[in-house]
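# Secondary and tertiary structure notes
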Amino acid sequence: MDGFKLTAWNIEHADKLVDALTDAREAVRTRAEQRLDAIRDEIAALAPDILLVSEGPNGEARARTFFDVVAPVHDLVVRGSADRRDYGMQGNVSSGPQWLWFLVRKGLGVRAELLHLDRWQAMTEAASRGEHKNGRWDVSLPRLVEDRLEFEIDRRHGHWRHPQVLQVTVGEVFFEVIGGHLKSKISFERPVGRPDDDDFFAKNPGLVADLVKSRVKITTECADIRHYIDQRFAADPSAALIVCGDFNDGPGKERIERRFLYHDLIGTLQGEVFFARRFLNHALFDYEEAQRLL
């Protein structure tokens with residue numbers, strides 16, 4: 001195999017789509033079947049060799065049912081477990097139905113398997129010098145107390161959707177694809193005024209606390225992924241690693257980041273230029289700027 005095509009796609013609420021296909025209401029079933037057909041057609045048009053799906057169905061059984069229809073020429077890579085904890089997915093059927101799944105084209109001639117989460121957590125613990133342990137780490141989160149912004153110093157956080165690592169062997173070549181779907185930046189606070197108002201943040205301290213809290217969580221999730229990457233490079237300076245998925249990060253820095261955090265998530269994942277051999281190059285590096293936002 002001289003090359004391969006890797007595609008990452010967030011198929012929004014795929015688990016709900018599985019339920020809608022058996023809904024008692026005919027109109028709901030019809031819309032679901034139309035969307036299912038559209039997803040199948042899109043995957044066929046993309047024709048990926050390796051496909052990473054985020055917001056996939058909950059659990060191996062539902063995932064098989066779904067992907068047998070929308071990706072019939074791909075094999076689903078599974079752990080052979082019905083326990084969500086083996087995939088590091090928090091929540092339950094009602095609150096945690098956004099799983100990460102890898103699929104590999106049938107007949108591709110590769111060996112593909114998922115890294116055990118115990119291995120991930122041992123490596124992130126080592127790289128963080130014990131700060132990350134058993135998939136969790138300390139964070140300090142803002143909160144609004146009456147009209148004051150304060151910090152909860154001693155809090156813990158971990159991945160709601162644990163990254164999955166696809167280990168691929170092609171002949172004598174070995175590489176890893178790290179697939180992630182990081183925490184959402186969504187906020188249900190009702191702000192006062194317009195986001196571009198000069199005093200928008202001053203008028204909405206509760207929103208500020210909520211937005212910064214989400215970004216603290218998501219940034220530390222990026223740091224956990226970077227700990228895994230650093231430990232892989234420590235073990236093998238020539239490790240072939242690809243990071244992809246839904247990182248809930250737009251291009252550049254948003255206003256909230258420019259005001260309060262001044263960093264972006266991709267920069268956290270890429271590494272430090274002072275350690276150039278461990279620095280990740282973006283897949284869009286060789287494309288013109290206008291094409292990078294497509």
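Nothing here was measured: the structure is a model prediction, and the numbers come from that model. (Residues numbered from 1 in each chain as written. Predicted model: local features only at pLDDT ≥ 70, side-chain atom pairs only at ≥ 80, totals over all residues. Heavy atoms only, no water.)

Next up on the list: the pairing of strand 7 (residues 148-158). Note that strand 6 (residues 136-145) and strand 7 share 9 bridges and pair antiparallel. Counted as the bridge partner of P142 is F151 from strand 7. Where strand 6 folds back onto strand 7 in an antiparallel hairpin, the turn is made up of 2 residues, including E146, whose phi is positive at roughly 55°. (Pairing = 2+ DSSP bridges. Helix = DSSP H or I, 4+ residues; strand = E, 2+ residues; numbered from the N terminus.)

In this section: the sheet that holds strand 10 (residues 241-246). Taken in spatial order, the 4 strands of this open sheet run 5-8-9-10, and their pairing is mixed. Strands at the two margins of the open sheet, each flanked by one partner only, are strand 5 (111-114) and strand 10. Between one strand axis and the next, the sheet turns through 20° on average, direction left out of account. Bridging between strand 9 (residues 173-181) and strand 10 involves 6 bridges; their strand directions are parallel. When the sheet's bridge partners are listed, E176 is paired in strand 10 with L241. Taken strand by strand, helix 6 (residues 205-235) contacts strand 8 (164-170), strand 9 and strand 10, and its axis lies near 170° from that of strand 9. (Axes fitted to C-alpha atoms, helices over the stretch in contact; angles between N-to-C directions. Contact = heavy atoms within 4.5 Å.)

Look at helix 2 (residues 26-46) against helix 3 (residues 60-70): their axes get within 8 Å of each other, and the N-to-C directions meet at 65°. Counted together, L36, I39, R40 and I43 of helix 2 and F66, V69 and V70 of helix 3 form the full contact between these two elements. When its residues are assigned to classes, the contact of helix 2 with helix 3 shows 6 nonpolar, no polar and 1 charged. (Nonpolar A, V, L, I, M, F, W, Y, C, P; charged D, E, K, R; others polar.)

Turning to the packing of aromatic side chains, a few remarks are in order. Applying the stated rule across the entire model yields 8 aromatic pairs. Between W120 and Y228, the ring centres sit 4.5 Å apart and the planes meet at 5°, which makes this aromatic pair stacked. Taken together, the residues W120 in helix 4 (residues 117-127) and Y228 in helix 6 connect sequence positions 108 residues apart. An aromatic cluster of three or more residues is present, and its members are Y87, W99 and W101. Across the ring face of Y87, the terminal group of R79 is positioned such that the distance to the ring centre comes to 5.3 Å. (Phe/Tyr/Trp six-rings, centres within 6.5 Å; stacked < 30°, edge-to-face > 60°. Lys NZ or Arg CZ within 6 Å of the ring centre and 35° of its normal.)

This paragraph deals with the pattern of salt bridges. Applying the stated criterion across every chain, the model contains 23 salt bridges. A salt bridge links D15 to R62, with the shortest nitrogen-to-oxygen separation between them at 2.9 Å. Of this pair, D15 sits in helix 1 (residues 14-20) while R62 sits in helix 3, and the two are 47 residues apart along the sequence. We classify D15 as buried; its relative accessible area is 5%. (Salt bridge = Lys/Arg side-chain N within 4 Å of Asp/Glu carboxyl O. Buried < 20%, exposed > 50% of the residue type's maximum accessible area, 1.4 Å probe, protein only.)

This part is about unusual backbone geometry. A positive phi is found at R129, a non-glycine position, where the angle reads about 55°. Along the chain, R129 falls in the loop between helix 4 and strand 6. Positive phi is not limited to glycine here, since N134 has a value of about 55°. You can see N134 is positioned in the loop between helix 4 and strand 6.

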